[in-house]
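Residue-level listing of the chains:
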Amino acid sequence: MRDYGTSILWQLRSTEWSNSQGLEKHEIKGKHRKQMVEWMRDVLEVFKSPVEVLYKAVTIMDHYFDQKQGSLRIEELHEVGIASILLASKYTELEPLSVELMHKKASHGKISEKAIRDWERDILNTVNFELAAPSFYDFLENYLETLIHKFSELKDQW
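Worth saying up front: this structure is predicted, and the values here are computed from it rather than measured.

Caption draft 1: Geometry of the overall build of the chain. Counting its secondary structure elements, the chain contains seven helices and zero strands. Counting helices and strands in the order they occur from the N terminus, the chain gives α-α-α-α-α-α-α. Taking all 158 residues of the chain together, the buried fraction comes to 41%. Long-range pairs, those at least 24 residues apart, make up 78% of the contacts in the chain between residues at least 6 apart in sequence.

Following this line, the structure appears as structure tokens:
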């Protein structure tokens, strides 16, 4: 049987987004992004979402930061995080999180459902509806599967 791990890894690498400008053009800095990622993790843990959703949400958010023309303000980071979570959930889960849930629970009613939908739309338009790029989780999953396969081959040789 052929080992497809290397081929899969090369395919993932070829479709990976590059973050050339990232946060440089925005008021949002690395420490703010870090806090947002931690908040996203906490929210998704409360909602019992799979870990893939977090990695996809961060990938979407980072790609949005890279592609967004103009400067994003720090005050907009929460909205970007919520919309990124929703898009990642819709992309990854069979039963995704809802706008209503994010409005009531994640934003504690401070961000309207319309505003959340508007942010989702802005992210999708900014990234040209391209959400299929691999996340860190996809690379990690591929590496682990390759390692497991290699170890089982070694075990069979002993």
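Caption draft 2: Representation of the pattern of salt bridges within the structure. All chains considered together, the criterion is met by 11 salt bridges. Note that D62 is salt-bridged to R33, the shortest N-O span being 2.7 Å. Separated by 29 residues along the polypeptide, D62 in helix α3 (residues 51-67) and R33 in helix α2 (residues 30-46) bring together distant segments of the chain. Two residues, E113 and R117, come together in a salt bridge whose shortest N-O distance is 3.5 Å. With E113 and R117 both in helix α6 (residues 113-126), this residue pair falls four residues apart, about one helical turn. Taken together, the shared-partner salt bridges connect R73, E75 and E76 into one network.

Caption draft 3: Just the nonpolar core, in detail. With 35 residues, the main nonpolar core has M40, M61, F65, I85 and M102 as its most contacted residues. If we ignore the near neighbours within four places in the chain, the residues touching M40 are L54, A57, V58, M61, G81, S84 and I85.

Caption draft 4: Inspection of α3 at higher detail. For α3, spanning 17 residues, the distance from its first C-alpha to its last is 25 Å, which sits close to the expected 24 Å at 1.5 Å a residue. Counting buried residues along α3, 13 of its 17 residues qualify, which places the element largely inside the surrounding structure.

Caption draft 5: Representation of helix α5 (residues 99-106). Residues V99, M102, H103 and A106 constitute the buried set of α5. Seen along its axis, α5 keeps its buried residues to an arc of 120 degrees; they face one direction. Check the buried side of α5 and you find it contacts α2, α4 (77-92) and α6. Note on α5: the residue one or two positions beyond its end, H108, has a positive phi of about 55 degrees.

Caption draft 6: Up close: a nonpolar patch on the surface. A cluster of nonpolar residues, L140, L144 and I148, forms a patch on the protein surface that exposes about 270 Å² of accessible area. Within the element layout of this structure, L140 appears in helix α7 (residues 136-157). Classification of L140 as partly exposed rests on a relative accessible area of 33%.

Rules behind the numbers
- Residues numbered from 1 in each chain as written.
- Predicted model: local features only at pLDDT ≥ 70, side-chain atom pairs only at ≥ 80, totals over all residues.
- Heavy atoms only, no water.
- Helix = DSSP H or I, 4+ residues; strand = E, 2+ residues; numbered from the N terminus.
- Buried < 20%, exposed > 50% of the residue type's maximum accessible area, 1.4 Å probe, protein only.
- Contact = heavy atoms within 4.5 Å.
- Salt bridge = Lys/Arg side-chain N within 4 Å of Asp/Glu carboxyl O.
- Core = buried A, V, L, I, M, F, W, Y, C linked by side-chain atoms within 4.5 Å.
- Expected span 1.5 Å × (residues − 1).
- Arc of directions from axis to C-beta.
- Patch = residues over 30% accessible without salt bridge, like charges linked within 9 Å, V, L, I, M, F, W, Y side chains within 5 Å.
- Areas by Shrake-Rupley, 256 points an atom, 1.4 Å probe, with all protein chains shown as cover.

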